[in-house]
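# Tertiary structure, described
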Amino acid sequence: MVAVGPRVSRLRAPNPSPMTLDGTNGYIVDGGGGAWIAIDPGPDDPAHIAAFVTAAHDAGARFEAILVTHGHPDHYPGAAPLAEATGAPVYAHTAATFPHDRTLADGERVTAGAVALIALDTPGHARDHLVYVLEGERALFTGDVIIGIGTVVIAPPNGDMRAYQRTLHRLRDGYGDASVIYGGHGPEIHDARAKIDEYIAHREKREAEIVAALAHGPATIPAMVETIYRDIDRRLWPAAARQILAYLIALEREGRVTATPRNDALTPEERALLDPDLSVIVSERHAAIVRAELGFGAEPPRLVDYALTR
Ligand SMILES: [Zn+2]
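Counting of residues starts from 1 at the beginning of each chain's written sequence and follows it residue by residue. Only residues with pLDDT of 70 or above have their local features reported here, since the model is predicted, and side-chain atom pairs are shown and tallied only from 80 upward, although totals for entire chains, interfaces and linings are computed over all residues.

### Here's the deal with the overall build of the protein
A count of helices and strands for the protein gives nine helices and 14 strands. C-alpha atoms of the protein, sized along the principal axes, occupy 65 × 40 × 30 Å. The buried share of the protein, reckoned over its 310 residues, is 44%. Look at the contacts in the protein between residues 6 or more apart in sequence, and 63% of them connect residues 24 or more apart. Helix and strand assignments follow DSSP, with helices taken as H or I runs no shorter than four residues and strands as E runs no shorter than two, numbered in order from the N terminus. As a rule, residues whose C-beta atom has 12 or fewer other C-beta atoms within 10 Å are exposed, those with 20 or more are buried, and those in between are partly exposed; C-beta atoms are placed from the backbone. Whether two residues are in contact depends on their C-beta atoms, placed from the backbone: they are in contact if these lie within 7 Å.

As C-alpha cells, then:
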C-alpha cells in the first residue's frame, strides 16, 4: 500500500499487461475514525483482496463502502469477495450488470467518517462508468476515463466516442481545477487541466486524421489503420481498428460519413485486424480483459466501405 495523498492510498493489483499498464490501481480513502472506503478492488485475486483486508485490520479500520468505477474485468471482480470478507456494500452505476448492492446516480454521495465521495455519471469508455470526486480535496478517481500514461480505448459497443468526449468536457469544465487525478492505471496526475486538455485534443486530432484519410476516397477500416497507425506497433492495430470504428459510428450517426457493407471475404491481414486471435497477442489470462476492453466478438467481422457524405 502506497500513500499517494493525505487521505488516499493505492493498492495496485498484480495484473500487469499491455491493456492494464503496471496493473489496475485500487484505492483506499481514509475517512478518519477508522472509516475507510475502497475503490476498484480489481480482479478476483485472493492475495490482492487479502491486502485490502489486512491493511484495514492492521490500521484498526473497517471498510464502509466498496466503490467500483466500471464493469471491466480488471476493475470489478474483486468487489464481491472484498464485500464478503468485510461486510461492506458494493456501489456501482445504475447500468452496471455485475454483482453490486447499491447503485449511484449522478451526483449521489457516499460518506465514511469525515469524507464524502460524489459519483459522476461519465459514460464513453464504458456505459456504466462512474468517476468519483473526493469532496474537500477535489481529487478525482477516474477509472479508465483518464489514466496515468497514454490514452484509453473507446471501443463499441460498450464504448461511445461522443459520450466519451462529452465526459471529458464535463470533467474539464467542472473539475479542471482538481488537485489530483487518481486514474485506474499508471501514476497520479497532478496537472488535471493539462491532462484533460491533452485527452480532448488527442481525440480531435485522430478524428481529423480519419476524415482526411476519407477525403482521398472511400476506405475500409483495415486500410485506414495502415495509413493512420503506420508508425505504431502492429500488435496494437486490432485495438486501433476498434478506435477507428468508434469515430466512424459517431460520424455516420451525424450524417457526415456513409457506411456500405461489402460482401467479399476478409483477407488474412484484414481478419487479423477485425477478428484477431487474441491469444497470440496476449496471454489467455489477459485475453478476457482485452476482449472486454475492445468489444471483440460483439458483431461478426465484415468489411465496410466508409465514405464522406457529399
Ligand atoms: Zn475499462
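More follows now that the structure is in view.
### What to know about the nonpolar core
Note on terminology: a nonpolar core is a set of buried residues of type Ala, Val, Leu, Ile, Met, Phe, Trp, Tyr or Cys, with members joined through C-beta atoms within 7 Å. Counting residues in each nonpolar core, the largest one holds 82 residues, and the members touching the most others are Val 29, Ile 37, Ile 66, Leu 67, Tyr 132, Leu 140 and Ile 244. Here the element with the most residues in this core is helix H6 (residues 237–253); it accounts for ten residues. Two domains each donate at least three residues to this core, and these are domain 1 (2–202) and domain 2 (207–308). Once residues within four sequence positions are removed from consideration, Ile 37 is found in contact with Val 29, Gly 31, Phe 63, Glu 64, Ala 65, Leu 67, Val 110, Ala 112 and Leu 117. Boundaries between domains were set according to an automatic or database domain assignment.

### Some thoughts on the sheet that holds strand S1 (residues 2–3)
At least two DSSP bridges between two strands are needed for those strands to be called paired. Reading across the sheet, the seven strands line up as S1-S2-S3-S4-S5-S6-S7 and stay open at both edges, with mixed pairing between neighbours. Edge positions in the sheet fall to S1 and strand S7 (102–104), since each has one partner strand and no second. For strand S6 (residues 90–93) and S7, the ladder comprises three bridges, and the chain directions are parallel. Paired with Tyr 91 across the bridge in S7 is Arg 102. On top of the sheet, helix H2 (residues 79–86) reaches strand S4 (35–39), strand S5 (62–67) and S6; it is set at about 160 degrees to S5, its chief contact. Convention adopted: a line fitted to C-alpha atoms gives each axis, helices being fitted over their contacting stretch, and angles between N-to-C directions are expressed from 0 to 180 degrees.

### A word on the sheet that holds strand S10 (residues 130–134)
Here we have five strands laid out as an open sheet, ordered S8-S9-S10-S11-S12, and mixed in their pairing. At either margin of the open sheet sits one strand with a lone partner, and together these are strand S8 (109–112) and strand S12 (180–183). Across the sheet, the axes of successive neighbouring strands diverge by a mean angle of 25 degrees, strand direction being ignored. The pairing of S10 with strand S11 (residues 139–143) spans three bridges and is classified as antiparallel. Note that in S11 the partner of Leu 134 across the bridge is Ala 139.

### Things to note about the domain arrangement of the protein
Under the domain assignment used here, the protein contains domain 1 (2–202) and domain 2 (207–308). Summarising the inter-unit geometry, the C-alpha centres of domain 1 and domain 2 are found 29 Å apart. Contacts between domain 1 and domain 2 engage 16 residues on the former and 18 residues on the latter. Here the side of domain 1 that touches domain 2 is built from residues that sort into nine nonpolar, five polar and two charged. Basically, the charged four are Asp, Glu, Lys and Arg, the nonpolar ten are Ala, Val, Leu, Ile, Met, Phe, Trp, Tyr, Cys and Pro, and anything else, Gly included, counts as polar.

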